[in-house]
Amino acid sequence: MSGASTQVPDSRMVIGETDFLLDGKPLRILSGALHYFRVHPDLWADRIHKARLMGLNTIETYVPWNAHAPRRGEFRTDGGLDLERFLRLVEAEGMHAIVRPGPYICAEWDNGGLPGWLFRDPAVGVRRDEPLYMEAVSEYLGTVLDLVAPFQVDRGGPVVLVQVENEYGAYGSDHVYLDKLVALTRSHGITVPLTSIDQPSGTMLADGSVDALHSTGSFGSRSAERLATLREHQPTGPLMCAEFWDGWFDHWGAHHHTTSAEDAARELDELLAAGASVNIYMFHGGTNFGFTSGANDKGVYQPTTTSYDYDAPLAEDGSPTAKFFAFRDVIARYAPVPDQALPERVPAPTPAVDLEFSLSVLDAAEGLGSWTASEHVPSTDEVDAYTGFALYRTTLAAAQQRVLSVGEVRDRAQAMLDGSAVGTLDRSRHERTLSLPGGPEGVLTFLVEDQGRVNYGPRLGEHKGIIGPVTVGGTEVTGWEVLPLDLDDVGPLTEDVRAHGGPVVKGGAVLGPSFVAGSFEVDEPADLFLDAARLGKGVVWVNGFNLGRYWSAGPQQTLYVPAPVVVAGRNTVLVLTLDGLDEAPAFVPGLDLGHEEQ
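About the criteria used
- Position numbers for residues start from 1 in each chain and track the written sequence from start to end.
- Reporting in this predicted model follows two pLDDT cut-offs: at least 70 for local features of residues, and 80 or more for side-chain atom pairs to be given and counted; totals over whole chains, interfaces and linings ignore these cut-offs and use all residues.
- Calculation of side-chain values draws on the structure's entire complement of heavy atoms; hydrogens and water are dropped beforehand.
- Each helix corresponds to a stretch of at least 4 residues labelled H or I by DSSP, and each strand to a stretch of at least 2 residues labelled E; elements are numbered beginning at the N terminus.
- C-alpha atoms define the radius of gyration, and 2.2 Å times the number of residues to the power 0.38 defines the globule rule.
- Between buried and exposed lies partly exposed: a residue is buried under 20% and exposed over 50% of the maximum accessible area for its type, with that area taken using a 1.4 Å probe on protein chains only.
- Here a residue-residue contact requires only that any non-hydrogen atoms of the pair lie within 4.5 Å.
- Pairs of strands are assigned from DSSP output, requiring at least two bridges between the strands.
- All axes here are fitted lines through C-alpha atoms, helices being fitted over the stretch that makes contact, and every angle between N-to-C directions spans 0 to 180 degrees.
- Along the chain, pLDDT gives the predictor's confidence residue by residue, from 0 to 100.
- A carboxyl oxygen of Asp or Glu within 4 Å of a side-chain nitrogen of Lys or Arg is what we treat as a salt bridge.
- In this scheme the crossing of two helices becomes right-handed for a clockwise turn of the near helix relative to the far one and left-handed for an anticlockwise turn of less than a right angle.
- Residues are grouped as follows: Ala, Val, Leu, Ile, Met, Phe, Trp, Tyr, Cys and Pro are nonpolar; Asp, Glu, Lys and Arg are charged; all remaining types, including Gly, are polar.
- An angle below 35 degrees is read as roughly parallel, one above 145 as roughly antiparallel, one from 65 to 115 as roughly perpendicular, and any other as oblique.
- Aromatic rings from Phe, Tyr and Trp, taking only the six-membered ring of Trp, are treated as a pair when their centres fall within 6.5 Å; an angle between ring planes under 30 degrees marks them as stacked, one over 60 as edge-to-face, and anything in between as tilted.
- Cavity means a closed set of points on a 1 Å grid over the protein atoms alone, one where a 1.4 Å probe fits but cannot get out, pocket means an open set with protein on both sides within 12 Å along at least 5 of 7 lines, and lining means a residue has an atom within 4 Å of a point.
- Grid points are joined across faces, edges and corners, and a volume is the space filled by probe spheres set on the points.

### Describing the overall build of the protein
Of the regular secondary structure elements, the protein holds eleven helices and 32 strands. Here the C-alpha atoms of the protein give a radius of gyration of 25 Å, agreeing with the 25 Å that 2.2 N^0.38 yields for 598 residues. The principal-axis extent of the C-alpha atoms belonging to the protein is close to 80 × 55 × 40 Å. Sorting the 598 residues of the protein into buried and exposed places 58% on the buried side. In the protein, the proportion of contacts linking residues at least 24 apart, taken out of those at least 6 apart, comes to 79%.

### Overview of the sheet that holds strand 23 (residues 475-476)
Strand order in the open sheet made by the four strands is 20-17-22-23, with antiparallel pairing throughout. What marks the edges here is a single partner per strand, and that holds for strand 20 (433-436) and strand 23. When strand 17 (residues 402-410) meets strand 20, the two strands line up antiparallel, connected through four bridges. Counted as the bridge partner of Leu404 is Leu434 from strand 20.

### Section: the sheet that holds strand 2 (residues 20-22)
The strand order 1-2-3 describes an open sheet built from three strands, whose pairing is antiparallel. In the strand order of this sheet, the two ends are held by strand 1 (13-15) and strand 3 (25-27), each with one partner. Strand-to-strand twist of the sheet, defined as the mean angle between neighbouring strand axes without regard to direction, takes the value 40°. As judged from the three bridges shared by strand 2 and strand 3, these two strands associate in the antiparallel manner. Following the sheet pairing, Phe20 is matched in strand 3 by Leu27.

### Considerations on helix 1 (residues 44-53)
Inspection of helix 1 places Trp44, Arg47, Ile48, Lys50, Ala51 and Leu53 among the buried residues, and these make up the whole buried set. On the buried face of helix 1, the contacting elements are strand 4 (30-34), strand 5 (58-62), helix 3 (83-92), strand 11 (277-284), helix 9 (322-331) and strand 30 (558-561). Positive backbone phi, at 110°, marks Gly55, one or two positions downstream of helix 1.

### Here's the deal with the confidence of the model for the protein
Overall, the prediction assigns the protein a mean pLDDT of 95, with 98% of residues at 70 or greater. Across residues 1-6, confidence stays below pLDDT 50; counting only partners more than four residues off in sequence or on other chains, it has ten contacts.

### Concerning the environment of Tyr140
Here Tyr140 is to be found in helix 4 (residues 131-148). Sequence separation of Tyr140 and Phe75 is 65 residues, and the distance between their C-alpha atoms is 8.2 Å. When residues no more than four places from it in sequence are discounted, the contact partners of Tyr140 are Val63, Trp65, Phe75, Pro101 and Pro103.

### Topic: the environment of Val472
Residue position: Val472 is located in strand 22 (residues 465-472). Val472 sits in the buried class, given a relative accessible area of 19%. In this structure the C-alpha to C-alpha distance between Val472 and Ala397, which are 75 residues apart in sequence, comes to 9.7 Å. Those residues in contact with Val472 that lie beyond four places of it in its chain are Leu396, Arg402, Val403, Leu404 and Val477.

### A short note on the pairing of strand 19 (residues 420-426)
With six bridges connecting them, strand 18 (residues 412-417) and strand 19 associate as antiparallel partners. If you follow Ala415 over to strand 19, its bridge partner there is Gly423. Between the antiparallel neighbours strand 18 and strand 19 lie two residues, among them Asp418 with a positive phi of about 50°.

### Looking at the side chain of Asp381
Of note, Asp381 is situated in the loop between strand 15 (372-374) and strand 16 (389-396). The buried category is assigned to Asp381, whose relative accessible area is 0%. Non-local contacts of Asp381, meaning those with residues more than four positions away in its chain, are made with Gly116, Arg120, Tyr386, Arg453, His463 and Lys464.

### Re the pattern of salt bridges
As enumerated under the stated definition, the model contains 39 salt bridges in all. The salt bridge partner of Asp450 is Arg453, with a shortest N-O separation of 3.7 Å. Judged by its relative accessible area of 5%, Asp450 falls in the buried class. Of the charged contacts, one joins Glu583 and Arg534 as a salt bridge, the two residues approaching to 3.6 Å between their closest N and O atoms. Of the two residues, Glu583 sits in the loop between strand 31 (569-577) and strand 32 (586-588) while Arg534 sits in the loop between strand 27 (528-531) and strand 28 (537-542), which places them 49 residues apart along the sequence. Each of Asp297, Asp381, Glu408, Arg410, Asp411, Arg427, Asp450, Arg453, Arg459, Glu462 and Lys464 takes part in one network of salt bridges that share partners.

### Section: the packing of helix 1 against helix 3
Running from N to C, helix 1 and helix 3 cross one another at 35°; their axes reach a closest spacing of 10 Å. The handedness of the crossing between helix 1 and helix 3 comes out as right-handed. On helix 3, the residues that touch Trp44, Ala45 and Ile48 of helix 1 are Arg85, Phe86, Leu89 and Val90. Residues belonging to the contact of helix 1 with helix 3 are distributed by class as follows: six nonpolar, no polar and one charged.

### A closer look at the packing of helix 8 (residues 261-273) against helix 9
Look at helix 8 against helix 9: their axes get within 9 Å of each other, and the N-to-C directions meet at 25°. On the basis of their axis angle, the class for helix 8 and helix 9 is roughly parallel. Relative to helix 9, the crossing made by helix 8 is right-handed. Residues Ala261, Ala264, Ala265, Leu268, Asp269 and Leu272 of helix 8 form the contact with helix 9, whose participating residues are Ala322, Lys323, Ala326, Phe327, Val330 and Ile331. A per-class count over the contact of helix 8 with helix 9 returns ten nonpolar, no polar and two charged.

### Regarding the packing of aromatic side chains
Two descriptors summarise a pair of aromatic rings, namely the distance from one centre to the other and the angle between the planes of the rings. This structure, assessed with the given rule, holds 25 aromatic pairs. Between Tyr133 and Tyr177, the aromatic rings sit 6.0 Å apart at their centres with planes inclined by 50°, giving tilted as the arrangement. With a gap of 44 residues between them, Tyr133 in helix 4 and Tyr177 in helix 5 (residues 175-187) connect regions that are remote in the sequence. Take Tyr177: its relative accessible area is 0%, and that puts it in the buried class. Ring centres of Phe291 and Phe389 lie 5.8 Å apart, and the angle between their planes is 75°; on these two criteria the pair is classed as edge-to-face.

### Considering empty space enclosed by the protein
The gaps of empty space that remain are located by a probe, the size of a water molecule, rolled over the atoms. A complete count under the given rule lists six cavities of 30 Å³ or more for this structure. The calculated volume of the largest cavity comes to roughly 70 Å³. Considering the residues around the largest cavity, the lining is formed by 13 residues, among which Thr380, Thr387, Gly388, Phe389 and Asp450 are closest to the centre. Looking at the lining of the largest cavity, its residues break down into five nonpolar, four polar and four charged. When contributions to the lining of the second largest cavity are tallied by element, the ones reaching two or more residues are strand 6 (96-100), strand 7 (159-163) and strand 10 (240-245). Classifying every residue of the lining of the second largest cavity gives four nonpolar, four polar and two charged.

Structure, rendered in structure tokens:
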């Protein structure tokens, strides 16, 4: 692949001396970040409509490579991955769109959007001009850009900008790599302006962009100062903060982040007063449904919560917050804001959940996959498993005492000896040893949870599972079997729990790790909020839809159940409890996310 062409294609959308120009007229972009993959698809239209009611004229979204391509050669666009449907809804609302396809997106998303299979070959380079990496990137970007190209404003669609890479200056400075991404993007019919984004700090702007890209900034405070730095780097063209951070994300076991609506509005006002365009990150954060949340590791591993509420203007359940109205008031000083009422919020019902049957994970395992034998302990990546849970087992020789040592656990391993719990190894606490009871020969089993792949920094692409060697008394343990739990379609699993599990006595306890099947009834579909504060640790499905992880470590207390998941009448619940349950899950009237009340 040759370097990027300096020839800029003709487009209705161009970079002017001081403004974006659409059909020759200045366009100030007032955008809000809304990730289609974090919102139930039947709620996309509602969230887009509310963005326009706040005064925005553009919707921005990332595209997650790993979600669309869980296996190489695939490109899924079903259900919540239907990017074309999402862009059509943006267009139907009369708004523009910005698409950020990566290949790396960060976004506090599993592996920063990079697929786990990409790193099976240790020779693969990460985010640089390396042949194996670029070959895979070319396949992915070719597919997604062919999908996006017909939706460009040049073809009558909503897309006005496409971003190349993402905050690259915080990671590297390979301009040949960026030039090749530009050339690849242009070769697939993208004619609108291409942008980069970096923090206006140090050498990030210079390292993260090339001449063929229009540089934008990412920041949430000191707007005038950051815009001045951006102008020093790029003397002409429109100023844009393409990630105006109005909140922040949460980690399990840490505090819940909130920012003052008044302070955020003041910063937004300062930014707009300078004539800049903006993309509010996030307008609506949504939810890390399933096993999609990422993690940070800056010396300590910190997995991201299921909620991606972000303390945004639109809360996780789509409710406007004080920040929504404060931002709307600011935007109204600079652009027309629709004089329309917001849809009324329907109170959430709180039906009782009946837990009916439970089946231990070990007893359910044979129906969730097949065992793969390995002489030495493998990572889950080595058995083509890139998310969720896996079982590891081996036979330990008879011994009077057993001190077990593991190279590293990624990220949490519950140990069982002949089916009885003997301890847990937690990556975030740097735990690598267990004292096991002595005795005769026995089967050692680990239930290993991938709590989210690191999405930022040098640990991108690392393998998951148990990283060997595993030793007892200094001697390596060999003869392993691994079974990744297939939890994509839990319908058969739910039936298996009902058919072969033991009944749950009301008020009785369920010993974990177990799958627990239950149900609840509602008169009609509605948003629901499941209180998980006292349930320990696990995962919940409603009608087969994976709501995501819960953990009493907090700060998240409730799981959001989107109304389109719920049906009138009887609804099924499946809980994977890792610690056991002393009580049934309960629904509560709403989220408790620390937003300022309006």
